[in-house]
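# Structural description and commentary
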Amino acid sequence: MDTKELLKKVRKIEIKTRRLSDHIFGGEYHSTFKGRGMTFSEVRQYQFGDDVRNIDWNVTARTNEPHIKVFEEERELTMMLMADVSGSALFGTKNQFKNEIVTEIAATLAFSATQNNDKIGLILFSGDVELYIPPKKGRSHVLRIIRELIEFEPKSKQTNAAEAFKFLSRVMKKTAIVFVLSDFIADDYKQNLKIAANRHDITGIRIYDRHEAEIPNIGMVQMEDEETGESMLVNTASKSVRQNYSKFYNEKVNYFKDSFTKSGAGVIDIRVDESYVKKLLGYFKRRG
């Protein structure tokens, strides 16, 4: 992709997702994810209705007038976006590929965090952690994250979510809000997720295409696994073939939901042809 085309794509995503975060998600994000506590702000004269427990007795004695301490929420937070860039992210049958939806959702969340003056970081993972952008503030930083999500070319097509969670625990010592965007066609990450979720506020966003859930009956088909590159002839007319695939797929989905729920993490399911706006808003409101 040439620079001009890339910038055009970035701008298009910025316009769409910034409008969403400005008008819809900003307030919801703020009320859902609270700051680290209350910090002292100032001392002012007591007004009727103020909490008497906050009276500053030293200033009151000095001025002969009641004064209270004012506290405000220590708002600054850090958001980490973790995006799966493995081969299966390129799957899509309904107008958009999964990786395009991932980019839009990540951008919307990032701009919502920016509105609240929070830092945003990025981890791109496949069979390994492929890119880490440390958390920073500001629009230009978010645009860099969007650029990477659009044009990054992974070295591996496989998925290793366990390694990604291990990396998160290693680099993020302070509590962060973490959104993991993937189709979660993976397993063996439960333990590493649990460790990371003890420190961080984690939400798994499963992005999927409904045509992945089952193989249609269309006879003999040459299929290639996007993650392994393995090509094989599959008889989709066989009921057992279709049932085995469906069982395999459902096991992965159940593993995802079970692992995240038992770790105390949040879960959102978003189908590529559904409105991710409704899904995110519903999640924020349930949590808020």
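Calculation notes
- Counting restarts for each chain: residues are numbered from 1 in the order of the written sequence.
- The predicted nature of this model means local features are confined to residues of pLDDT at least 70 and side-chain atom pairs, given and counted, to a pLDDT of 80 or more, with totals for whole chains, interfaces and linings taken over all residues.
- Values reported for side chains reflect all heavy atoms of the structure, with hydrogen atoms and water molecules removed beforehand.
- Buried, partly exposed and exposed residues are distinguished by accessible area as a fraction of the type maximum, computed with a 1.4 Å probe on protein chains only: under 20%, between the cut-offs, and over 50%, respectively.
- Helix and strand assignments follow DSSP, with helices taken as H or I runs no shorter than four residues and strands as E runs no shorter than two, numbered in order from the N terminus.
- With strands facing away from the observer, any crossover in which the path from the first strand over the helix to the second runs clockwise is taken as right-handed.
- At least two DSSP bridges between two strands are required for those strands to pair.
- In this scheme, a helix's expected span is set at 1.5 Å multiplied by one less than its residue total.
- Counting rule for charge: Lys and Arg are taken as positive, Asp and Glu as negative, and neither His nor the chain ends is counted.
- We count a salt bridge whenever a side-chain nitrogen from Lys or Arg sits within 4 Å of a carboxyl oxygen from Asp or Glu.
- Every residue pair with non-hydrogen atoms within 4.5 Å of one another is taken to be in contact.
- Pairing of aromatic rings covers Phe, Tyr and the six-membered ring of Trp, with a centre-to-centre limit of 6.5 Å; geometry is then stacked below 30 degrees between planes, edge-to-face above 60, and tilted otherwise.
- The predictor rates its confidence in each residue with pLDDT, a number between 0 and 100.
- Orientation is described by lines fitted to C-alpha atoms, with helices fitted over the stretch in contact, and by angles between N-to-C directions that extend from 0 to 180 degrees.
- Throughout this description, the term nonpolar core refers to a set of buried Ala, Val, Leu, Ile, Met, Phe, Trp, Tyr and Cys residues connected via side-chain atoms within 4.5 Å.

Within strand β7 (residues 201-208), seven of the eight residues are buried, which leaves the element mostly enclosed by the surrounding structure. Each parallel crossover has a hand, and for strand β6 (residues 177-182) linked through helix α6 (residues 190-199) to β7 it is right-handed. Bridge count between β7 and strand β10 (residues 266-271): six bridges; the pairing is parallel. The residue bridging R206 from the neighbouring strand is D269, located in β10.

This part is about helix α4 (residues 139-151). Taking 1.5 Å per residue, 13 residues should reach 18 Å; α4 reaches 18 Å between its end C-alpha atoms and fits that length. Within the sequence span of α4, burial applies to H141, V142, L143, I145, I146, E148, L149 and I150.

This next bit is on unusual backbone geometry. Phi is positive for N64, which is not a glycine, with a value near 60°. By the element assignment, N64 lies in the loop between α2 (57-63) and β2 (67-73). Here the phi dihedral of F184 falls at roughly 55°; this positive angle occurs in a residue that is not glycine. Mapped onto the elements of the fold, F184 is located in the loop between β6 and α6. For F184, a relative accessible area of 2% translates into the label buried.

The next subject is the side chain of E130. You can see E130 is positioned in strand β5 (residues 129-136). No salt bridge is formed by the buried E130, whose closest oppositely charged neighbour, K155, lies at an N-O distance of 4.5 Å. Excluding residues within four positions of it along the chain, E130 makes contact with L124, F125, F152, P154, K155 and S156.

Moving on, we come to the packing of aromatic side chains. All told, the structure shown has twelve aromatic pairs when counted by the stated rule. Centroid distance F184 to F260: 5.3 Å. Interplanar angle 80°. Geometry classified as edge-to-face. Linking F184 in the loop between β6 and α6 with F260 in helix α7 (residues 239-262), this pair joins segments that are 76 residues apart in sequence. Among the residues examined, F260 registers a relative accessible area of 0% and is labelled buried. A network of ring pairs unites the aromatic residues F165, F184, Y189, Y255, F256 and F260 as a single cluster.

Per-residue pLDDT for the protein chain has a mean of 85; in total, 88% of the residues score no lower than 70. Note on residues 90-94: pLDDT under 50 across the span, and 15 contacts to partners over four residues away in sequence or across chains.

The next subject is the sheet that holds β5. Pairing in this open sheet of six strands is mixed, and the strands run β5-β4-β3-β6-β7-β10 from one edge to the other. One side of each edge strand has no neighbouring strand; the edge strands of this open sheet are β5 and β10. The sheet shows a mean angle of 15° between the axes of neighbouring strands, direction not considered. Along the sheet face, α4 touches β3 (78-84), β4 (119-125) and β5 and points at about 15° away from the line of β4. Packing against the sheet, helix α8 (residues 276-287) makes contact with β6, β7 and β10, and its axis sits at approximately 165° to β10.

Grouped together as the largest cluster of nonpolar side chains are 45 residues, with contacts concentrated most on L81, I105, I146, F179, I205 and I207. Residue contributions to this core peak at nine residues, all from helix α3 (residues 98-115). Contact partners of I146, with chain neighbours within four places excluded, come to V10, I13, T103, A107 and F111. In terms of nonpolar packing, the next biggest core, distinct from the first, is built from 24 residues, A162, F165, F167 and L168 among them.

Now for the pattern of salt bridges. Scanning the model with the defined rule gives 18 salt bridges in all. D273 serves as the salt-bridge partner of R210, at 3.7 Å between the closest nitrogen and oxygen. With R210 in the loop between β7 and β8 (220-224) and D273 in the loop between β10 and α8, this pair connects stretches of sequence that are 63 residues apart. Of the residues examined, R210 reaches a relative accessible area of 41% and is grouped as partly exposed. Through salt bridges with shared partners, a single network forms among R11, E14, R18 and R139.

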